[in-house]
Amino acid sequence: MKHLIDLETWPRREHFAFFSSFEEPFFGLTANVDCTAAQAEAKRLGVSFFLYYLYHALEAANEVEAFRYRVENGQVFLYDRIHASATLGRPDHTFAFSFIEQNNSLQGFIANAEAEIAAVQASTGLRLSDTTGRPDTVHCSALPWVRFTGLTHARSFTYPDSCPKISFGQVFSEGNTRQMPVSVNLHHGLGDGYHVGLFLAAFQRRLAV
């Protein structure tokens with residue numbers, strides 16, 4: 001479900017108008033998160049670490065209102081819940097888009113994700129559709145081969161995109177911890193660095209459990 005924001009009374013109305021006039025209204029930053037406990041917990045549960053942290057990243061994104069705003073036909077809507085549009089790889093090193101519905105449980109989310117993974121493996125091409133292109137998603141990708149310190153995205157500036165973009169990099173050791181770089185890109189009319197900080201803090205808190 002989504003709710004229309006009254007731009008006349010919205011505290012971000014000037015921010016939204018200002019940044020929406022930009023050819024590129026997105027800003028981005030990269031930070032490391034400690035995934036020591038999360039890797040151990042995923043191993044204990046016998047589940048994919050990728051799906052484990054993706055679930056918790058989505059839960060964290062849902063906690064932050066700014067990540068649930070979307071621009072549709074010049075209006076701003078707030079979604080009750082957002083899901084994942086994740087890029088999923090194939091053995092031939094191509095990838096496809098997916099739609100993974102968020103779930104109240106990790107097990108339910110993994111079941112949804114495994115169905116999408118199977119569909120990607122049985123297909124070719126990008127699997128572009130109204131479902132994979134839903135606005136109530138976060139665009140997610142994983143680059144487990146690269147310990148990146150920054151990241152950019154291919155974007156069509158003529159396409160009205162307002163979905164946050166979260167990318168996860170190669171896990172590496174630092175002291176006695178395991179660290180993972182996370183890149184977050186957010187429409188600046190809808191949120192600021194403060195809101196990305198809220199997301200990263202919520203994500204880190206979930207990874208530490």
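The preceding data block contains the structure.
Below is a summary of the structure that appears in this document.

How each quantity is defined
Residues numbered from 1 in each chain as written. Predicted model: local features only at pLDDT ≥ 70, side-chain atom pairs only at ≥ 80, totals over all residues. Heavy atoms only, no water. Pairing = 2+ DSSP bridges. Helix = DSSP H or I, 4+ residues; strand = E, 2+ residues; numbered from the N terminus. Axes fitted to C-alpha atoms, helices over the stretch in contact; angles between N-to-C directions. Disulfide = S-S within 2.5 Å. Buried < 20%, exposed > 50% of the residue type's maximum accessible area, 1.4 Å probe, protein only. Core = buried A, V, L, I, M, F, W, Y, C linked by side-chain atoms within 4.5 Å. Phe/Tyr/Trp six-rings, centres within 6.5 Å; stacked < 30°, edge-to-face > 60°.

1. Considering the sheet that holds strand 3 (residues 69-72)
Read across the open sheet, the three strands follow the order 1-4-3; overall the sheet is antiparallel. Looking at the sheet topology across the chains shown, the edges are occupied by strand 1 (2-4) and strand 3. Across the sheet, the mean angle from the axis of one strand to that of its neighbour is 35°, orientation sign disregarded.

2. Quick look at the state of the cysteines
In this structure the tally under the stated criterion is zero disulfides. Looking at Cys-35, it has no disulfide partner, and the nearest cysteine sulfur is the one in Cys-140, 16 Å off. Its sulfur unpaired, Cys-163 is 10 Å from the next cysteine sulfur, which belongs to Cys-140. In this structure Cys-163 comes out as buried when scored by relative accessible area, which is 5%.

3. Details of the nonpolar core
Residues Phe-67, Phe-168, Met-180, Val-182, Phe-199 and Phe-203 are the most contacted members of the largest nonpolar core, which totals 52 residues. In terms of residues, this core owes the most to one element, helix 3 (residues 49-63), which gives 10 residues.

4. A few points about the packing of aromatic side chains
Overall, the coordinates contain 13 aromatic pairs when judged by the stated rule. Ring geometry for Phe-50 versus Tyr-53: centroids 5.6 Å apart, planes at 85°, classification edge-to-face. With a gap of three residues between them, Phe-50 and Tyr-53 both fall in helix 3, about one helical turn apart. In this structure Tyr-53 comes out as buried when scored by relative accessible area, which is 6%. Between the aromatic rings of Phe-95 and Phe-97, the centroid separation amounts to 5.7 Å while the plane-to-plane angle is 80°, which identifies the pairing as edge-to-face. Taking the relative accessible area as the measure of exposure, Phe-97 reaches 22% and is therefore partly exposed.

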